[in-house]
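If you want the building blocks of each chain, they are given just below.
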Amino acid sequence: MKKILITCLLAMVGLQLAAQPFINEIRAFQKADSINQPVKGAILLIGSSSFTKWQNVGDWFPDKRIINRGFGGSSLPDLIRYFDQIVKPYDPVQVVVYCGENDVASSTSITADTVLKRFKQLHGMIRKIYPKVRISFVSLKPSPVRASFLPTVRETNRLIEKFCKSSANTDYIDVFSPMLNADGSFMEELFVSDRLHMNEKGYLIWKKAMEPFLLSTKPIAVNRTSAVPTPNIDRLAKEGIRFTNAFTTAGVCAPSRNAIITGRIQTSNGGHNMRTLNNTYPEQTGLPKSYSVVMPVGVKHMAEYLRAEGYYCTNNSKTDYQFEEGPAFWDESSNKAHYRNRKNGQPFFAVFNSTITHESQVWERSKRPLRVDPRNVKVPPIYPDTDSVRLDIARFYTNISEMDDWVGERIKELEADGLLENTIVMFWSDHGDGLPYVKREVTDRGIRIPLVMRFPSVEKRMGVNERLTSSIDLAPTVLSLAGIKPPDNMQGKAIYGLHAAAKGHDYVFAARDRMDSHYDRVRSVYDGRFQYVYNYYPDLPRYMDLEYRKQQASMRDILRLRDQGKLNAVQMRWFAPKGTAEEFYDVKNDPYQLNDLSKDPRYANELTRFRSVYQEWQKTVSDMGATEEKKLIAQMWNGQSLPPVTKDPLVFVSGQQVGIADETAGSSIVYKIIAKDGTVPGRWEVYTQPFVIEPGQRIMAQAQRIGYHASKVVTH
């Protein structure tokens, strides 16, 4: 009996869903209304696909206040069915109705009288709740693909025109006649390839026909924006230094973070593939599912240098440096890590990571209230102007606003502890934003980042710094500010501090290699205006078909429109093969980098200069991207199938003098001094030179080279 009941319930649900063919469109309208309260006194458009396709209709009538609630494939019975959802909420001054060819083409039994009857019913419903509203009927248009229905279309238009003229406060708007040639034939040039939906020329005719009939309304104030208020970051910038030419070395997090924490571009570390930890997509790549990159001998995590000088170093909480954490790196690394846990008066270096603006948060935070109106955002030309694109852009701006709140909380913590005026604060990002065709790119939009530094000393607050800055400069700058000389193997340049470089960069470099399951190899050279891009695989498109990014609604929408052939040439550029090894852009005059100048003879000298810079850089800075990843891992693991193990450190005690030696080149050594009573301290100290212990104390020591397994803990 239970089985029968379940079957019946499922059948009822199936029937219920079948009876609501446009329920998703209606829900989309309701969601939009929940984000932005409907405006009263607007012109309301309801009807079939010609209104649906006209998504930016408000831009065609900038002096009007327009709400478009058309949904494709609908007919008059659908407008009647969903009347409460598409008419009642809006309190309009005018309702413009377009029923579409579906009203005559859905069945051969449909006559002009049938359509007239349906329109009269809808007209009466509108008039009942809005007695004074203007009702305007846009005539059916002629469609070449439905030429056989032309007699019914003509007769329907005739009958409805007659009704409109006899009804008070009702218009008939003729778009049929202007869309035919003088001999009555179809104007094929007004339609897209399906010969049913209109192109821009068709909508120009509609605009001209409709304009005289649309009532005067107070236009919605639209402020197209590419920014969002960030008062807390603005405060840091106002009280500090804002860098206007700061760039990362990759358009994605893990390779970029590998470079940031070592002060070296990731390609010289072997940390260039996204990513090596957690999941290398072994089914597609044939790699171990996870591996920790083995750093070249002598390359350290920047916090190790600070800890060796007594700094309390904390990370809250993202690492993602392409290698596993070692005991020499942090005093604390977790979502509870905080500088407040240090000893009284101990200097600190604290990293706080916000993931609020991470790519994933566009979909993970989709149910949170928006702080930005999707209608008001500026849609870049690289995207189609769709609801999902606008919504994702608005969501990203909202996330920026929420992230700014988080920045404010960090500032308040420093103020509450009386530390703000004794602390250097740096705000930065590890790559550009997380929207499609931005993240993972090495063009300007993928690698340009915000960078703000606030110093306690008022005299150091210089406002704006236009110096060309790379994210590999952060590590040497932090060390320099702490009075520590950056090691020679750091490729970045200290911007401030005791060891600041006299001159900044002439060029910054960036790289793109494997992303998840897909391989590519791209390098770029940038001087802040011109950017040179070198493609090792010119036959590949710029787009990488990664499953992760498809969780973003706008990405799915872009792919759907691509597959339907509805993206324009600019938007399709992402999906086309690069077609050339070299690209060259004047970013100042071409911010979206759509015009490749590499074949333009006027830029031949500039291209030659950048080519030479790139070739010299490849000679002087190791690029492990030239080595196939499986071979690279084999080299890192000394030809073995598993990572090497760091050899145990050697502890030498002579009286009270202690020295510790490593047996593995490139390893770091940490130690603890065990008290006479056997108490073991929590903190590992970084070993740099021999030290003295008291009688009765003992030593614990451990060694690890980054990317190797740690040695055993040796007690002496």
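Rules used throughout
- Residues numbered from 1 in each chain as written.
- Predicted model: local features only at pLDDT ≥ 70, side-chain atom pairs only at ≥ 80, totals over all residues.
- Heavy atoms only, no water.
- Pairing = 2+ DSSP bridges.
- Helix = DSSP H or I, 4+ residues; strand = E, 2+ residues; numbered from the N terminus.
- Axes fitted to C-alpha atoms, helices over the stretch in contact; angles between N-to-C directions.
- Left-handed = near helix turned anticlockwise from the far one by under 90°.
- Contact = heavy atoms within 4.5 Å.
- Buried < 20%, exposed > 50% of the residue type's maximum accessible area, 1.4 Å probe, protein only.
- Salt bridge = Lys/Arg side-chain N within 4 Å of Asp/Glu carboxyl O.
- Core = buried A, V, L, I, M, F, W, Y, C linked by side-chain atoms within 4.5 Å.

(A) Layout of the sheet that holds strand β16 (residues 522-526). The strand order across the open sheet built from 4 strands is β15-β16-β17-β18, with neighbouring strands paired in antiparallel fashion. In the strand order of this sheet, the two ends are held by β15 (508-512) and β18 (582-586), each with one partner. Each adjacent strand pair in this sheet contributes to an overall mean axis angle of 15°, direction not counted. Here β15 runs beside β16; their pairing, made up of 5 bridges, is antiparallel. Within β16, the residue paired with A510 across the bridge is S524.

(B) Representation of the packing of helix α8 (residues 112-129) against helix α9 (residues 150-166) in the model. In contact at an axis separation of 9 Å, α8 and α9 are set at 35° when each is read in the N-to-C sense. Between α8 and α9 lies a crossing of right-handed hand. Between α8 and α9, the contacting residues are A112, D113, V115, L116, F119, K120 and H123 on the first element and T152, E155, T156, L159, I160, F163 and C164 on the second.

(C) Local environment of helix α19 (residues 553-563). Turning to α19, its buried residues are S554, M555, D557, I558, L559 and L561. Contacts made by the buried residues of α19 are with α16 (387-416). G565 sits one or two residues past α19 and shows a positive phi near 70°.

(D) Quick look at the sheet that holds strand β5 (residues 170-173). Strand order in the open sheet formed by 5 strands is β2-β1-β3-β4-β5, and the pairing between neighbours is parallel. Each edge of the open sheet is held by one strand with a lone partner, namely β2 (66-68) and β5. When strand polarity is set aside, the average angle formed by the axes of neighbouring strands in this sheet is 20°. Relative to strand β3 (residues 94-98), strand β1 (residues 43-47) runs parallel, the two being bridged by 5 bridges. For L45, the partnering residue across the bridge sits in β3 and is V96. α9 rests against β4 (134-138) and β5 of the sheet, and its axis sits at about 150° to β5.

(E) Spotlight on the pairing of β3. Counting buried positions along β3 gives 5 out of 5 residues, so the element sits mostly inside the fold. The two faces of β3 match: Q94, V96 and Y98 on one face and V95 and V97 on the other face are all buried. Across 4 bridges, β3 lies against β4 in parallel orientation. Bridged to V97 within β4 is F137.

(F) Spatial organisation of the pattern of salt bridges. One pass over the structure, following the stated rule, counts 48 salt bridges. When the shortest N-O distance is used, the salt bridge between R529 and D586 registers 2.9 Å. Taken together, the residues span a long stretch of sequence, with R529 in the loop between β16 and β17 (530-535) and D586 in strand β18 at a distance of 57 residues. On the basis of relative accessibility, which here comes to 35%, the residue R529 falls in the partly exposed class. Taking relative accessible area as the criterion, D586 reaches 5% and is therefore assigned buried. Each of R235, E239, E415, E421 and R454 takes part in a single network of salt bridges with overlapping partners.

(G) Up close: the side chain of Q593. With respect to the element layout, Q593 can be found in the loop between β18 and α21 (604-620). Among the residues examined, Q593 registers a relative accessible area of 2% and is labelled buried. Here Q593 is in contact with T443, D444, R445, Q531, R573, Y585 and V587, once residues within four sequence places are set aside.

(H) Representation of the pairing of strand β20 (residues 657-661) in the model. As judged from the 5 bridges shared by strand β19 (residues 650-654) and β20, these two strands associate in the antiparallel manner. Bridged to L650 within β20 is A661. Linking β19 back to β20 in an antiparallel pair, the connection comprises 2 residues, with G655 at a positive phi of about 65°. In this structure, β20 lies alongside strand β23 (residues 691-692), joined through 2 bridges in antiparallel fashion. When the bridges of β23 are listed, V658 appears paired with F691.

(I) How the structure looks around the nonpolar core. Among the nonpolar cores identified, the biggest contains 42 residues, and I46, I86, V97, L122 and F137 are the most heavily contacted of them. Counting residues per element, the ones that place at least two in this core are α2 (23-35), β1, α5 (76-81), α6 (83-86), β3, α8, β4 and α9. When near neighbours in sequence (up to four residues on either side) are disregarded, I46 contacts F51, R69, G70, L79, I86, V87, V95, V96, V97, Y98 and L122. Counting 41 residues, the second largest nonpolar core, distinct from the first, contains V228, I356, V377 and I393.

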